[in-house]
Amino acid sequence: MRRILQLCLTAVCVFAFYALHAQDRTITGRITSVDDGSPLPGVNVVVKGTTNGTVTDVNGKYTISAPAGSTLIFSFIGLKSQEIAIGERAVLDVPMGQDMQQLSEVVVTAQGIERTKNELAYSAQKVDGAAVSQTRDNNFVNGLSGKVAGLEIRRPNTMGGSTNVVIRGNKSLTGNNQALFVIDGVPIDNSNTSGTSQAQGRGGYDYGNAAADINPDDIESINVLKGAAATALYGSRASNGVILITTKKGRATKGVGLTFTGGVSVGVVDKSTFAKYQKSYGQGYGAELSQQLSEQTGRPRFFVSQFDIDGDGQPDLVTPTGADASWGAPFNPNQTVFLWDAFDTESPYYHKGKPYVAAANDPSTFFKTSIQQNYSVMLDGASEKGYYKLGYSTNRETGILPNSHIYKDFINFGSSYKITDRLTATASVNFSTIRGNGRYGTGYDDKNLMTNFRQWWAVSTDIKDQKDAYFRDRKNITWNFSDAARGKLNAIYWDNPYFTRYENFQDDNRIRYLGYTMLNYKVNDWFDVLGRISLDTYNEFQQERRAITSNGVASYTRFNRRYKEYNYDLMLNFNKEINQNFTVKGVVGGNIRRTRAESIFATTNGGLVVDRYYALENSVNPIVAPVETESELGVDGIYANATLGYKNMLFLDLAGRRDQSSSLPKGNDVYYYPSASVSFVFSELMKDKTWLNNGKFRVNYAEVGNTAPAQSITDVYDKPTAFGNVTLFSVQSTKNNPNLKPERTKSFETGVEMSFVEDRVGFDFTFYRQNSVDQIVPATVSRATGYDAKYINAGEIRNQGFEVSVYAVPVQVGAFSWRVSANWTRNRNKVVELAPGITNLQLGSFQNGVSIAAAVDQPYGVIRGSNFVYNDQGQRLVDEDGYYQMTGANSIIGNLNPDWIGGLNNTLKYKSFSLSFLIDTRQGGNVYSLDMAYGNYSGILPETAGLNQLGNPLRNSYENGGGWIFDGVKEDGTKNDIRVDASAEEFVGIFGPDYVPNKAYVYDASYVKLREVVLSYSLPQNLLARLAPIKGIDVSLVGRNLWIIHKNLPYADPEDALGSGNFSGGFQSGAYPNVRNMGFNVKVKF
Amino acid sequence: MALSILFSCGDLEELNVNNKKAKEAPAGTLFANGQRNLSDILVSTNVNRGVWRLLAQHWTETTYFSEARYDLDTRNIPQNVWDILYRDVMMDFETARISLKELDPVFIEEELRQNQLALIDIMEVYTWSVLVNTYGPIPYVSDSFEGGEALDIDNASPAYTKAEDIYHDLITRLNADIKTLETTTETETLGSYDLLYSGNKATWLRFANSLKLRLGMTLAEAPGFDAKTIVSEAAPKVFTSSADNALIKYKETTPNTNPVWVDLVQSGREDFVAANTIVDKMVALDDPRLPAYFATVDVDGTDIYLGGIYGVKNTASNYSFPSATIMDPTLPGVLLDYSEVLFYLAEAVERGFITTGSAETYYNQAITESMHFWGVEDADIATYLARPEVAYTSAAGDYKTKIGVQKWFALYNRGHEAWTEWRRLDAPTLVAPPDAFSDVPLRFPYPVAEQNLNTVNYDDAVRMIGKDVVATPIFWDVQ
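Quick caveat: nothing in here was measured; it's all calculated off a predicted structure. (Residues numbered from 1 in each chain as written. Chains lettered and ligands numbered in written order. Predicted model: local features only at pLDDT ≥ 70, side-chain atom pairs only at ≥ 80, totals over all residues. Heavy atoms only, no water.)

Caption draft 1: Looking closely at unusual backbone geometry. Looking along the chain, the bond that leaves Thr254(B) and enters Pro255(B) is cis, with omega of 5°. Topologically, Pro255(B) is positioned in the loop between strand 2 (246–248) and helix 10 (259–266). Here the amide bond leading from Ala427(B) into Pro428(B) is cis, since omega sits at -5°, within 30 degrees of zero. Locating Pro428(B) in the fold gives a position in the loop between helix 17 (415–425) and helix 18 (448–453). In this structure, Val757(A) is a non-glycine residue whose phi angle is positive, near 45°. Look at Asn413(B): it is not a glycine, yet its phi comes out positive at around 70°. When its relative accessible area of 10% is taken as the criterion, Asn413(B) is described as buried. (Helix = DSSP H or I, 4+ residues; strand = E, 2+ residues; numbered from the N terminus. Buried < 20%, exposed > 50% of the residue type's maximum accessible area, 1.4 Å probe, protein only.)

See the structure below:
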């Protein structure tokens, strides 16, 4: 891919047009791309040793006068420069190819400043737009996984869920740790409105993060700026690193450029990441009657058995429909049992029994094939005067669950025009809509069917029968009737799963405008001024339903949120060659930022009156006052940056920014960000070493500040709903602090980049250390203070690590090439200090007594819960009854940080074919699986119906050799040999939380995934010539998330998370299976 | 610098103002909220908080029965109760009290302020007593006590105060409050912000004295207290009828219904049934309150009262649910009632603390008032009182057992108080279920957050009581 110079944004490339010499001869020629033979406009052509130069026109043509015997230099950003002696030629056509010498590549850095890689004294990694758009993930961010050292992407398996994007580890204890997204110099909001309750697995929908509003088809390239030195110019919000997105600009073509792309892909559930089911025991929670009563009545204990259902005068065996577990009677095909459908008047089994066997269709048959379609069209063009583009894209995705889809539409417009030689105007408008319907429920919740299927299920339930039962008359005919035999046909814990999907669904939309206008005035050839106003604004609307007859209270809930951010920028750019040895480039600028978010949340009260009518006015009781929020933040900043260059070999970069923030108290509201960086291109001193192409050493130090969350200075009161006519107020549970000061992160980074053997091998190595101090945290305090927490400045986190990226071209023979690139990241973080006297800060509190916390001297994000008690030899101790000894809920039982992450990409090219595949891995780190804890408790999983240490079915009665011997040792150190009763009769959750500590369900979250496979074919130029006006046709086959090569977490995808946030990962409840995605794309250029 | 001026728009501060939240709140609104939250936590049957009815063995659990076996840890029950009492009850009372104290005299007549402060203080005394009765030594604060460190955000790690010291101070406070209400000529108090008595000063005086009676009786056997004086001072001025009962009258609609309705009816779940511990005893006595307390269950064609076996797995529909009365959203929450006061008086006579009236009369009256409260007819009451197992002269056991058993019936649906009286009177006999995590708890362990966040003071508190376990009795639980 060729890169188009961003003529209008900076004044890096300024060349004189006027220095012609009378005695010279005229040379003409055409510059084309070696890739596809298309003409290249804007290529610099300079006579070597002079200032005489020109640029190619729209058709790639140039005319220049040069003395005989001179040499022409052809250069273009991103392409390999060439020096050609003109000899006797009057015509000189040059094909230009990509520059493999990465060090001279231009990189877009903070505030849109362009620097060559040589000058960069910090780590920045570029990803081509095609690399993310090609894979067609609904959220382009997911396409970055495994491609950038230092960048950890954690993607949930829900449709449209929010992706966690963290660069170099979590730096803020309780604040935002997500990277900042900047499009063409304009920061965009990446909020996630799903809420902390959703993130803690307490249910709710994951509405995704707002960066998903970026059109992948419009991305030209992505630059990841990792350290504080790279991002200091953005001020506080960039303390977590920046993902800089450059969108496409118009291409110079004859007439109107037209590009169509289209693609379709399908997704199927990867069954290795979904539950398996035991097939031996049916619905029940052990014996239904207490032993005492059973002895009195002599009734069978697994069934409700005193009612005559079929009218034959004999009492029948009815399954205990109220039990959402599979710890019931053993299946027996000779026994006739009445299931839930015997009470469904419309069912063919109404008042009929069935042989008692495991269901033919288990919940894995519930999933559908997801289908994703995308189409886009883009018009563009460019000339010496400027460029324009106008694009429309649409993306339509249906999920793996019934009644789920997300539709996205994008319109992108951008144009630039040179009003005079000195004044350029640029404008860009992006409009997007996202419409979601039937997003997946998450966490421990009855709207999340994975909680149902993985944790609380009766394996005697046939999914297909449930489907038929729902679709017969769209009623909530559930397998989980409260007590069918006694006529209680309400859903006690779980609705019919189809009813959940088709009746209790949500829908949402977000309409967003994002754009800027910009004027750039070139004062002279080394100085220009840029003024820009940008706006990012969206409205979002979410509504959730719970139908009448659902378990729980019927409800309708709506949430409206509006977000607005203005940025006003003024930048003075200069770029001056002081003499042959010294250059100076720099910028002085100012930025005013204003953000405003407001929302209103309202819900019905006490149920709904009219069925299937979802409006607030349908509330049974008068609704309580909606919850309104309104929050504003203003930051005023000024900044300056200068890069001094010496002989294109040694660079010193100094930058500083001063911010004033509205969310800090007066007097403490100003903070500074100094940074200093040095880059030394040592290969300049070793030009005689032919094996070495490039070598650069870099080192930098920076400090960045961060402001407080809005409205954390002064106290206000909570307002509970009035008690009748009595107004109530309540003191807030978090104490605000009028003395807050800014947080600071101190960052040091050093690295070396080298490439060898004609750039066929190269590496980039970085070491970094970042200490974040004076953190603004709502520190939890003893509740005897009357508060949960108090905002203070305290605490320190250290992140340090290595990033390595390497590449090699092991084979390059004729038209065949093989390129390997890999990256590896190892981040270690440590909570150095919390508030005085506090050694543990709870970040999230989860089901089953598990919590995720920051604890002093531990990595950020330890998992706490009950542990085994170990002896000196590290063996698990059992008590005198053979049960595990357990600690309280306060032990550290895991850590959610990986040891390292990495990606390995191979690209094989032969002529017009290209095959690439990406293997992405995460090693180490833990996840607590509530799915495994409850799946074992409720007897769903095969392990719960297996054989015990004696080789007998463990659910046999104790007398029949059943039971279980927990793996451990007794107090005296001898191996545990006490068999405990695990029989269905005496079931009290033998593998459940009362008997097994949380630690038992903590797993290693490592994985190795075949993340992407792309096979593409571009129609060669000679074939295209016959297809005029078509200029290019690319076809590709794409696979995503095809294969989890290795993992240690049973029945689930270890990467699946509850959404983005500081404790993303670490806890799974109702996890969604991985979806394997396969599709094809076609791209046609005119 | 020119840029600096250009790029600051001034008035940044104003952006940080929260326009959707109140910056000020009238003291009465905080007082009302504290009363309501106090009632909620005492009334609640939520498994994450109010497991009082299980501790008293009035109810038991069905499918998930860990709490009935005294697993207080998994759901963080001690933490949640502690948090609510300090943060949602005490903090609102205390903020109301301080803001009222500091209110400029221009805005309030002095006697009215004194009355209002007295009401708030009485509610605080009530809440502190619940905290002490649940945990033992706790962080405490009071104007009349040196060294209390609770409810001060500038001291994030408050020290604990000895439970006995707190009780001494509570009595001092109540005496002062009573004196204030008796002395002021102003009859207004907090008006409609008072959810208990709509500000009726006379009733508040009887409530304060009844509370004093309760504290005095709680201290009956505690060394170092003059319980007799406390009780004899209070006794003549306590409740005179059930019209004086301290009730929070819950509303028909959420979120102001009785919390039990939320957990039992609105949730659609069937987590609780009556416990055989109480049902068996009441059935044996043919107690006329049975229909008000429990629903019947059809066992092989007969509708009977059958309690689930305490602390084991029970199938909900095999056993008696709580009655429709109990599950009514408007069922009031009771903080203190006349029947309870009469039981105290009966006991006070037996202990020689008071000389007016006889134990038997008070005892009969107490049962009668309880039955009236639950809508029992006078004839049925008479029959019941005449039963030899009930009649004071012939009922089994000493006065503690007689009163303890009948009070335990009367305190049905008042789990926390029933649990406290069981601990104090040691009657009836409650037995821990099989596979229980502990014996019947005598207190709650301290919250995990106290161990983590307030470690030094927590350790001191543990030294005061010996061991931070459920088996450690509260200081007044001497036997």
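Caption draft 2: The environment of Asn454(B), seen in detail. Here Asn454(B) lies in the loop between helix 18 and helix 19 (455–465). Residue Asn454(B) is classed as buried on the basis of its relative accessible area of 2%. The spatial distance from the C-alpha of Asn454(B) to the C-alpha of Gly352(B) is 43 Å, given a sequence separation of 102 residues. When residues no more than four places from it in sequence are discounted, the contact partners of Asn454(B) are Ser782(A), Ser157(B), Pro158(B), Tyr160(B) and Ala449(B). At 2.8 Å, the side chain of Asn454(B) forms a polar contact with the side chain of Asn457(B). (Contact = heavy atoms within 4.5 Å. Polar contact = N/O pair within 3.5 Å; in protein donor to acceptor, adjacent residues only side chain to side chain.)

Caption draft 3: Representation of the nonpolar core in the model. Of all hydrophobic cores here, the largest spans 161 residues; its most connected members are Trp128(B), Trp204(B), Phe207(B), Phe444(B) and Phe475(B). With 14 residues, the top contributor of residues to this core is helix 6 (residues 110–135) of chain B. Ignoring any residue separated from it by four or fewer positions in sequence, one finds Trp128(B) in contact with Tyr86(B), Met90(B), Ile138(B), Pro139(B), Tyr140(B), Val141(B), Ala150(B), Leu151(B), Leu170(B) and Arg173(B). Grouped together as the second largest cluster of nonpolar side chains are 108 residues, Leu173(A), Tyr883(A), Leu941(A) and Ala449(B) included. (Core = buried A, V, L, I, M, F, W, Y, C linked by side-chain atoms within 4.5 Å.)

Caption draft 4: Main features of a nonpolar patch on the surface. All names here are of chain A. On the surface, Val256, Leu379, Tyr388, Leu390, Tyr392, Ile411, Phe413 and Val429 cluster together into a nonpolar patch covering about 630 Å² of accessible area. Those elements that provide at least two residues to the nonpolar patch are strand 25 (386–398) and strand 26 (405–418). If one sorts the elements of the nonpolar patch by residue count, strand 25 sits on top with three residues. For Val429, a relative accessible area of 42% corresponds to the partly exposed category. (Patch = residues over 30% accessible without salt bridge, like charges linked within 9 Å, V, L, I, M, F, W, Y side chains within 5 Å. Areas by Shrake-Rupley, 256 points an atom, 1.4 Å probe, with all protein chains shown as cover. Salt bridge = Lys/Arg side-chain N within 4 Å of Asp/Glu carboxyl O.)

Caption draft 5: Broad picture of the side chain of Asn551(A). Looking at where Asn551(A) falls in the secondary structure, it is placed in the loop between strand 31 (527–546) and strand 32 (555–577). In contact with Asn551(A), other than residues within four places in its own chain, are Asp446(A), Asn476(A), Ala491(A), Ile492(A), Tyr493(A), Trp494(A), Asp495(A) and Arg546(A).

Caption draft 6: Up close: the pairing of strand 32 of chain A. Residue and element names in this part refer to chain A. Pairing between strand 31 and strand 32: 20 bridges, direction antiparallel. Bridge pairing in strand 32 links Ile533 to Tyr568. Across 21 bridges, the pairing between strand 32 and strand 33 (residues 582–603) is antiparallel. Counterpart to Lys576 in the pairing with strand 33 is Val584. Hairpin connection between strand 32 and strand 33: a loop of four residues separates the two successive antiparallel strands. (Pairing = 2+ DSSP bridges.)

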